[in-house]
Amino acid sequence: QVHLVESGGGSVQAGGSLRLSCAASGLTFDDYAMGWFRQAPGKEREGVSCKNWSGGVTYYADSVKGRFTISRDKAKNTVYLQMNSLKPEDTAMYYCAADRDYYTLLRTTSPNYWGQGTQVTVSS
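Residues numbered from 1 in each chain as written. Predicted model: local features only at pLDDT ≥ 70, side-chain atom pairs only at ≥ 80, totals over all residues. Heavy atoms only, no water.

**Some points on the packing of aromatic side chains**
The cut-off we apply is this: Ring pairs shown here join Phe, Tyr and Trp side chains whose ring centres sit within 6.5 Å, with only the six-membered ring taken for Trp; geometry is labelled stacked below 30 degrees between planes, edge-to-face above 60, and tilted in between. Secondary structure elements are defined from DSSP: runs of H or I of at least 4 residues count as helices, runs of E of at least 2 residues count as strands, and each element is numbered from the N terminus. Partly exposed residues are those whose accessible area sits between 20% and 50% of the maximum for their type, while under 20% is buried and over 50% is exposed, using a 1.4 Å probe and protein chains only.
All chains considered together, the criterion is met by four aromatic pairs. Between Phe 37 and Trp 114, the ring centres sit 5.1 Å apart and the planes meet at 80°, which makes this aromatic pair edge-to-face. Placement of the pair is Phe 37 in strand β4 (residues 33-39) and Trp 114 in strand β10 (residues 113-114), with a sequence separation of 77 residues. Given a relative accessible area of 26%, Trp 114 falls into the partly exposed group. For the ring pair Tyr 95 and Trp 114, a centre distance of 6.1 Å and an interplane angle of 75° mean the geometry is edge-to-face. Of this pair, Tyr 95 sits in strand β9 (residues 92-99) while Trp 114 sits in strand β10, and the two are 19 residues apart along the sequence.

**Some remarks on unusual backbone geometry**
With the exception of glycine, most residues fall at negative phi, and the peptide bonds are largely trans. The residue Asn 77 is not glycine, and still its phi comes out positive at about 50°. Residue position: Asn 77 is located in the loop between β7 (68-73) and β8 (78-83). Take Asn 77: its relative accessible area is 23%, and that puts it in the partly exposed class. We note that Ser 85 has phi near 50°; this positive angle belongs to a residue other than glycine. Position of Ser 85 among the secondary structure elements: in the loop between β8 and β9. The class of Ser 85 is partly exposed, set by a relative accessible area of 40%.

**A few points about the pattern of salt bridges**
Quick reminder of the rule: Note on definitions: salt bridges are taken to be side-chain nitrogens of Lys or Arg within 4 Å of carboxyl oxygens of Asp or Glu.
For the structure shown, the criterion picks out five salt bridges. Linking Arg 38 and Glu 46 is a salt bridge whose minimum nitrogen-to-oxygen distance equals 2.6 Å. Given the relative accessible area of 35%, Glu 46 is considered partly exposed. Measuring nitrogen to oxygen at the nearest pair gives 3.1 Å for the salt bridge that ties Lys 65 to Asp 62. Note on accessibility: Lys 65 and Asp 62 belong to one class, exposed.

Just geometry here; none of it tells us what the structure is for.
This is how it looks when you write it as structure tokens:
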């Protein structure tokens, strides 16, 4: 059974930083593209950042470019999202996702697997 377990969310002031982690189990990590999505109250879920299975191809939403960094640790089956210079508009539930195909992960609202989410709240 596949599990994606997020951690690292919390409450910070604007300008602060958080690092989200997503530990994957039950799948062959190198076979999957991994990504982070977020959903704010009253808004649709949006893609934040994705990285393909090898780590060589990366996507960032325009709203987070230069502030967020995605990375994956093969040895730990974990993908991270380092979030710096946080803004109140980054407040959302953040979800980890996995899909066998990177380009599908970029476009889809139904990846192979979702995590349960971790809340990020940024106060002004």
